[in-house]
Amino acid sequence: MTSPTSGRSAAAGRAALGFGVLVGIVGLWHLGVRGQWVLVFDIKMGFLPEPVEVARLLWDFAFGGVFDDAFSGTLWQHLWASTGRVLAGFGLAAALAIPLGVLMGRYRLVHAAFDPAVNLFRPIPATAWVPLVLLIIGFGSQATIFLITLSAFFPILLNTVGAVREVPPRLVEAAQMLGTSRANVLLKVIVPASTPGIVSGLRIGLGLAWVILVLGESNGIEWGLGSMITLAREQVRTDRVVVGMIVIGLAGFLSDRILVHGLKGIFRRRPLVRST
Amino acid sequence: MSAPDLSRLTRHTEGGRVLVDDLGKRYGGAGGVDAVAGVSLDIAPGEFVAVVGASGCGKSTLLRILAGFEAPTRGRVEVGGRPVTGPGPDRGVVFQDYGLFPWLTVAENVRFGLRQRGTPRRRAGQIADAFIEVVGLTRFADRFPGELSGGMQQRVAIARVLANDPAVLLMDEPFGALDALTRTQMQHELRRLYREAGTTVVFVTHSIEEAVYLADRVVVMTGGAAKGVPGHISDVVPVLLGEDRDVNAADFNALERQISERVHAG
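What comes next is a walk through the structure.

What counts, and where the lines are drawn
Residues numbered from 1 in each chain as written. Chains lettered and ligands numbered in written order. Predicted model: local features only at pLDDT ≥ 70, side-chain atom pairs only at ≥ 80, totals over all residues. Heavy atoms only, no water. Helix = DSSP H or I, 4+ residues; strand = E, 2+ residues; numbered from the N terminus. Buried < 20%, exposed > 50% of the residue type's maximum accessible area, 1.4 Å probe, protein only. Contact = heavy atoms within 4.5 Å. Areas by Shrake-Rupley, 256 points an atom, 1.4 Å probe, with all protein chains shown as cover. Lys, Arg positive; Asp, Glu negative; His and termini not counted. Charge placed at Lys NZ, Arg CZ, Asp CG, Glu CD. Pairing = 2+ DSSP bridges. Core = buried A, V, L, I, M, F, W, Y, C linked by side-chain atoms within 4.5 Å. Salt bridge = Lys/Arg side-chain N within 4 Å of Asp/Glu carboxyl O. Buried area = accessible area lost by both parts, 1.4 Å probe. Polar contact = N/O pair within 3.5 Å; in protein donor to acceptor, adjacent residues only side chain to side chain.

**Here's the deal with the overall build of chain A**
And then number 1: Check the secondary structure of chain A and you find ten helices and two strands.
And then number 2: Overall, chain A is about 70 × 60 × 35 Å in size when its C-alpha atoms are taken along their principal axes.
And then number 3: Here chain A holds 276 residues, and the buried ones make up 42% of them.
And then number 4: Across chain A, contacts joining residues at least 24 apart in sequence account for 64% of those joining residues at least 6 apart.
And then number 5: Looking at chain A as shown, the accessible area adds up to about 15300 Å², and 69% of this sits on carbon and sulfur atoms.
And then number 6: With 23 positive and 14 negative side-chain charges, chain A shows a separation of 18 Å between the mean positions of the two kinds.

**So, the pairing of strand E3 (residues 48-52) of chain B**
Residues and elements named next belong to chain B.
And then number 1: Across the five residues that make up E3, a large majority, five, are buried.
And then number 2: Of the two faces of E3, the one lined by Phe48, Ala50 and Val52 and the one lined by Val49 and Val51 are each fully buried.
And then number 3: Strand direction decides the pairing type here: E3 and strand E8 (residues 200-204), joined by four bridges, are parallel. For Phe48, the partnering residue across the bridge sits in E8 and is Val201.
And then number 4: As defined by bridge partners, E3 adjoins strand E9 (residues 217-224) across four bridges and the pair is classed as parallel. Paired with Val51 across the strands is Val219, a residue of E9.

**Comments concerning the nonpolar core**
And then number 1: Judged by nonpolar contacts, the single largest core of 156 residues is most densely connected at Phe101, Val110 and Ile259 of chain B.
And then number 2: For this core, the element with the highest residue contribution is helix H8 (residues 182-216) of chain A, accounting for twelve residues.

**Section: the pattern of salt bridges**
Residues and elements named next belong to chain B.
And then number 1: Counting across every chain of the model gives 27 salt bridges over all chains.
And then number 2: Close ionic contact of Arg74 with Asp22 constitutes a salt bridge, the shortest N to O distance being 2.6 Å. Of this pair, Arg74 sits in strand E4 (residues 74-79) while Asp22 sits in strand E1 (residues 18-27), and the two are 52 residues apart along the sequence.
And then number 3: Its relative accessible area of 28% is what places Asp22 among the partly exposed residues.
And then number 4: A salt bridge links Glu70 to Arg64, with the shortest nitrogen-to-oxygen separation between them at 2.8 Å.

**Description of the interface of chain B and chain A**
And then number 1: Contact with chain B, which involves 29 residues of that partner, is made by 19 residues of chain A.
And then number 2: Buried surface at the junction of chain B and chain A, both sides included, amounts to about 2000 Å², of which 62% is carbon and sulfur.
And then number 3: When the buried area of chain B at its contact with chain A is split by residue, Trp103, Gln116 and Phe144 of chain B rank highest and sum to 33% of it.
And then number 4: Where chain B packs against chain A, one counts four salt bridges.
And then number 5: With a closest N to O distance of 2.6 Å, Arg170 of chain A and Asp97 of chain B form a salt bridge.
And then number 6: At the junction of chain B and chain A, the tally comes to seven residue pairs in polar contact (both at pLDDT 80 or more).

As structure tokens, then:
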């Protein structure tokens, strides 16, 4: 056991180390652009904007007042539209995958019924769904939400099934000998005992939701970070592409933090979320 | 601070009778292995019976069948006059690994059974509080099991089943994972609780000293699938040492040695 103070200073040291690596990456990026480096995979660093330019554009994208064009200050509207789609798709995926996963993990018959279908659909990547989705749903928000739901569904489902299967049989026995009904064994024991695993699945699903967002929003959508990146690429605005990437990365990171800390806030001291 | 009177909290006037008749358990169907066979036992209401034997002799299997976690392949089991068909709140089980719900506080764990069986929240809380006090954990009522030592967790597990007012207490090597000092202390407390609660106790252990210290009768099981003979009861030894037992007394040691010889003779 480390004392609280040494634990805290060690944590600060690790944070400083992580920050140092980030600064190093940005520094290399800067030098690479200046020196027109050509790296492995024929990466032409000279085609990239400099970090400082990107930072200025990012500021303008968020708050305006630098370039004052159609792009200035529109970050929040794009982010708002994208967040709505991510939440809708992710929420729908969670609402479907958690109950199905609990039943599949608990009951062999349900598992036998759904497992083959799950294993056939799961390996089909979202990119392969896009042409079909555009044909049967059409361009737009609904197609994006559908793709997000589809992609987030499987990691949540598989993590839930795994977590339910790993619930120690002892806890079920304990509940049974205390006179717990079958329904309550499921609701009061299996579900809470699997919660740490389910939360892991939710985190993977939410991360994937932001990944798939760009794919879904690349067609026929006006507002959204994905559509903003797609438009920037069509206009060969590398700087805007990089800004869009940074914003999506931050949004994904922040949404994960909000999910974890939100759940920890709900659960309080109950050990239901794995410490990260 | 005086502990609350247990007899006022338990609603059973006396424990349940346990009747085991020609019990057998075979794993793996017709060509399978007999874990136990021909086990018959009649335990009086309120009696404390310890089951001892080497690993694999089937003593835990017997307890799990009494609990209703496993179905016998042969014979009959009755508790309180009713055939055992599955786990139920009339038979409280204390496991070696506690089996507490880690996401519930001590108080929530102890009132879990009461709430599941429909006891109103307030009443369940009062009963739980009393049993938490009985096991001396009032200060820890709002802690989670993961924050407690092994001995404290086992106390919670005991309070949890006692609060549920079982006719029979089934204990499967409950102190096996505890250090020697804690173990002695828990044995002492269990005897006190047993005297006050008046439930029937079936206590499985591999410690003969523990069995002699706690029980009215010691059931010796021998055999087991690994020995080629199904696990069976080879001896039943009454413990006539009175209430205050001294593990260092000559008669205690003599009885312990006698039982030990029978355990190893199998």
